[in-house]
Amino acid sequence: MTSLPLPPAALAPDTSRRLRELAERWEHAGAAERANYQLYLIELCEAIGVTRPRPAATGDRIADAQAYQFEFAIKTTTRDGTIATNYIDLYKAGCFALEAKDSDDGATTTKLLTKAFGQVSNYAKDLNERPPYILVLDVGKSLIVWDRWSGSYGGFHLGTRIDLRTLDRSPDTVALLRDIWTDPAVRDPRRHAQAITVEIAGLLGELASTLEQRGHDPERVARFLIRCVFSMFAEDVKLLPDTSFKRLLDAVLPSGPDAFVAAAQGLWQAMDAGAMFGYHRLLRFNGHFFANAEALPLERAELELLRRAAEADWSAVEPSIFGTLLVRALSAEERHRLGAEYTPRDFIERLVRPTVEEPVRERWGAVQAEVMQLRETGKAADKKRAESRLLEFHAWLRGLRILDPACGCVPTSVEIRVSALE
C-alpha cells in the first residue's frame, strides 16, 4: 500500500551540527522582530538545506505563482471597502506564507502569536491561491505550523508547535520543514487516501464481478460488500475490537464458504444488536444494513481477495467508496425514500465552508482575541468578563441551526443542529 514519506532515521552529522550552532547563536538574542526575523530565516534555510529566499521583485518582474521572498506585497479590501497594501513576512508560492514575531518570554507571547496567526491566515485569503501551509515564527524559539489538507487551516489551537532549539535532535521535524519548503504535496494525506482507495476499489470490483458471474444478484452483492467494507473500516478506527473482521477471515480461510457465512453473519448480528462476539461485547451499529446480516458464500480465492482488502488502512480510505457502494446497494425507490444520493465531499465543502465554517471561525477568532486581552489585564473583573464572553459564544454555537432545503433527493426541509465546539 502507498504511504506518506518516511522521515530519515537520523540527521546527517553536518546538518545536526549546523542546527545546533543555529540554536546556540540565537539562544540569547534580544527581541527585535524587524532586525532579526529575516536573518534568522536565512540561517534556518541554510541549516536544513533548502534554498534561501530570493531578492524581492515587484510589478511585472514576478508572478504570484513564482514568488519566494520577504515582505511580499498583497492587496486587501478593508471592511469599509478601501484597498490597502499588506506584506507577508515570507511567502513561497505553492508552499507557505509566514508571519514572524520576536517576543521576550512572558505572558504576552501567546497573544502575539495568536495575533500573528490571524494576520497570516487573513493574508492567505487574499492570495491568488491559498498555500497549503501557514507558519508563525517566534524568532529562534518556535515555529507553529497549520496545514489546509482538510480544506481550512482551522483555529490557532490546531497548530503544530515546533521547538526550533531542539531541531538537531528531531530528524522527523527537519524532514517536515524540508517538505514544507520544497514539496508540500508529499504531505497531503488525500494523496495517500486516493492511492489506497484506487487499489481497494480494484479488489472490491474484482470480488463483485466474480460473485455476479456466479449468479448472485448485483443488489445483494452490493449490500454484502458494504457490510464487509464497513466492518473493515470499523476495526481500523477501533469501533470493532481486536481486529475482529481480519481474525474472522483468517479463521475461516482453511474451512471454506459455509464457515465464512456462519462467522460473518454471527459478527453482523452482534454488531446490529450490540451483543457479545467471542469474548467482546460489541458496540451497537444502528442502521438497516446490519439488520439484514446475510453473508454470501465465498470461495477460497474470493476470501483471499477480501483478506487482501482488509489489510489496507481503512481509516485512510476516501468516503467515496462508501457512497458508491451505498447507491449501488439501494434500489431507485429506496434511494428516493431515504434521500440516499451520494454527494462527493468536494461538492459539500464548496458550499459548507464559505456559508457555515468560515463565518463561525471568524466569529470565534474575534471572541478569542477579546478573551485573551481581558485575561492579560490580570483583573478579577476582566477574567469574569472573559469567562462570560466564552459562555455567550458557547450558547450561541449550541443554538446555531443550519437549514438544508434539499437533503439528498427528498424535496423537504430539515434542520441540523450544530454541536458545540469544545
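Presented here is an overview of the structure given in this document.

## Description of the overall build of the protein chain
Part 1 of the reasoning: Within the protein chain, the secondary structure is distributed over 13 helices and ten strands.
Part 2 of the reasoning: Expressed as a percentage of its 422 residues, the buried residues of the protein chain come to 42%.
Part 3 of the reasoning: In the protein chain, the proportion of contacts linking residues at least 24 apart, taken out of those at least 6 apart, comes to 58%.
Part 4 of the reasoning: With the model as given, the accessible surface of the protein chain reaches about 22600 Å², and the carbon-plus-sulfur share is 52%.

## A closer look at the packing of helix H6 (residues 218-236) against helix H8 (residues 257-273)
Part 1 of the reasoning: The N-to-C vectors of H6 and H8 enclose an angle of 65 degrees; their axes lie 12 Å apart at closest approach. Classified by the angle their axes make, H6 and H8 are roughly perpendicular. Handedness of the crossing formed by H6 with H8: left-handed. On H8, the residues that touch Phe224, Arg227, Cys228, Phe230 and Ser231 of H6 are Phe260, Trp268 and Met271.
Part 2 of the reasoning: Partitioning the contact of H6 with H8 into residue classes produces six nonpolar, one polar and one charged.

## With respect to the sheet that holds strand E5 (residues 142-147)
Part 1 of the reasoning: Taken in spatial order, the six strands line up as E1-E2-E3-E4-E5-E6 in an open sheet, and their pairing is mixed. Strands with a single pairing partner mark the edges of an open sheet, and in this sheet they are strand E1 (68-77) and strand E6 (160-163). Shown here is a sheet whose adjacent strand axes are inclined to one another by a mean of 35 degrees, direction ignored.
Part 2 of the reasoning: Helix H3 (residues 109-125) rests against E1, strand E2 (83-92), strand E3 (96-101), strand E4 (133-138), E5 and E6 of the sheet, and its axis sits at about 150 degrees to E4.
Part 3 of the reasoning: The strands touched by helix H4 (residues 171-182) are E1, E2, E3, E4, E5 and E6; relative to E4, the strand with the most contacts, the crossing angle is about 120 degrees.

## Digging into the side chain of Glu43
Part 1 of the reasoning: Inspection of the secondary structure puts Glu43 in helix H2 (residues 33-48).
Part 2 of the reasoning: By relative accessible area, Glu43 is classed as buried at 15%.
Part 3 of the reasoning: The residues contacting Glu43, other than those within four sequence positions of it, are Leu22, Arg25 and Trp26.

## Considering the layout of surface pockets
Part 1 of the reasoning: Volume-wise, the largest pocket comes out at about 1200 Å³.
Part 2 of the reasoning: Lining the largest pocket we find 35 residues, and of these Gly118, Gln119, Ser121, Asn122 and Glu362 sit closest to its centre.
Part 3 of the reasoning: For the lining of the largest pocket, the secondary structure elements donating two or more residues are E1, H3 and helix H12 (345-376).
Part 4 of the reasoning: Per-class residue counts for the lining of the largest pocket are nine nonpolar, 16 polar and ten charged.

## Topic: the packing of aromatic side chains
Part 1 of the reasoning: The full count for this structure, using the stated rule, is 16 aromatic pairs.
Part 2 of the reasoning: Note on Tyr37 and Phe70: the rings are 5.9 Å apart at their centroids and 85 degrees apart in plane angle, and the pair reads as edge-to-face. Of this pair, Tyr37 sits in helix H2 while Phe70 sits in strand E1, and the two are 33 residues apart along the sequence. Taken individually, Tyr37 and Phe70 each receive the classification buried, so the pair is uniform in this respect.

## Some details on H6
Part 1 of the reasoning: The first and last C-alpha atoms of H6 sit 27 Å apart over 19 residues, in line with the 27 Å expected at 1.5 Å per residue.
Part 2 of the reasoning: With 14 of its 19 residues buried, H6 lies for the most part within the structure.
Part 3 of the reasoning: The distance from a side-chain oxygen at the start of H6 to the backbone nitrogen of Glu219 is 3.0 Å, and the residue carrying that oxygen is Asp217.
Part 4 of the reasoning: Within two residues after H6, Lys238 carries a phi angle of roughly 70 degrees, on the positive side.

## A short note on helix H7 (residues 244-252)
Part 1 of the reasoning: Ser244, Phe245, Lys246, Leu248, Leu249 and Val252 are the residues of H7 that are buried.
Part 2 of the reasoning: Summarising the contacts, the buried residues of H7 are in contact with H6, H8, strand E7 (276-277) and helix H9 (300-310).

## Topic: a nonpolar patch on the surface
Part 1 of the reasoning: A surface patch of nonpolar side chains, about 220 Å² in accessible area, is lined by Val237, Leu239 and Leu283.
Part 2 of the reasoning: Along the chain, the position of Val237 falls in the loop between H6 and H7.

## Observations regarding the nonpolar core
As a rule of thumb, soluble globular proteins bury nonpolar side chains together.
Part 1 of the reasoning: Phe224, Met232, Phe260, Trp268 and Leu306 are the most contacted members of the largest nonpolar core, which totals 40 residues.
Part 2 of the reasoning: Only helix H5 (189-213), H6, H7, H8 and H9 provide two or more residues apiece to this core.
Part 3 of the reasoning: Ranked by the residues each element gives to this core, the list is headed by H6, at seven residues.
Part 4 of the reasoning: Those residues in contact with Met232 that sit more than four places away from it in its chain are Phe245, Leu306, Ala309, Ala310 and Trp314.
Part 5 of the reasoning: In this structure, Leu11, Tyr68, Ile162 and Val174 belong to the second largest nonpolar core, which totals 34 residues.

## Regarding the pattern of salt bridges
Pairing between side chains becomes possible if they bear opposite charge and their charged atoms approach one another.
Part 1 of the reasoning: Using the criterion set out here, one finds 20 salt bridges in the structure.
Part 2 of the reasoning: Put simply, Arg17 and Glu21 hold a salt bridge, and the shortest N to O gap is 3.4 Å. Highlighted residues: Arg17 and Glu21, both in helix H1 (residues 13-26), separated by four residues, approximately one helical turn.
Part 3 of the reasoning: Judged by its relative accessible area of 35%, Arg17 is partly exposed.
Part 4 of the reasoning: Notably, a salt bridge pairs Glu43 with Arg25, separated by 2.9 Å at the nearest N-O pair. Taken as a pair, Glu43 in helix H2 and Arg25 in helix H1 lie far apart in primary sequence, 18 residues in all.
Part 5 of the reasoning: Taken together, the salt bridges that share partners define one network made up of Glu370, Arg385, Arg389 and Glu392.

Definitions and limits used
- Residues numbered from 1 in each chain as written.
- Predicted model: local features only at pLDDT ≥ 70, side-chain atom pairs only at ≥ 80, totals over all residues.
- Heavy atoms only, no water.
- Helix = DSSP H or I, 4+ residues; strand = E, 2+ residues; numbered from the N terminus.
- Buried < 20%, exposed > 50% of the residue type's maximum accessible area, 1.4 Å probe, protein only.
- Contact = heavy atoms within 4.5 Å.
- Areas by Shrake-Rupley, 256 points an atom, 1.4 Å probe, with all protein chains shown as cover.
- Axes fitted to C-alpha atoms, helices over the stretch in contact; angles between N-to-C directions.
- Parallel < 35°, antiparallel > 145°, perpendicular 65-115°, else oblique.
- Left-handed = near helix turned anticlockwise from the far one by under 90°.
- Nonpolar A, V, L, I, M, F, W, Y, C, P; charged D, E, K, R; others polar.
- Pairing = 2+ DSSP bridges.
- 1 Å grid on protein atoms, 1.4 Å probe; cavity = no way out; pocket = protein on both sides within 12 Å on 5 of 7 lines; lining within 4 Å.
- Points joined across faces, edges and corners; volume = space filled by probe spheres on them.
- Phe/Tyr/Trp six-rings, centres within 6.5 Å; stacked < 30°, edge-to-face > 60°.
- Expected span 1.5 Å × (residues − 1).
- Polar contact = N/O pair within 3.5 Å; in protein donor to acceptor, adjacent residues only side chain to side chain.
- Patch = residues over 30% accessible without salt bridge, like charges linked within 9 Å, V, L, I, M, F, W, Y side chains within 5 Å.
- Salt bridge = Lys/Arg side-chain N within 4 Å of Asp/Glu carboxyl O.
- Core = buried A, V, L, I, M, F, W, Y, C linked by side-chain atoms within 4.5 Å.

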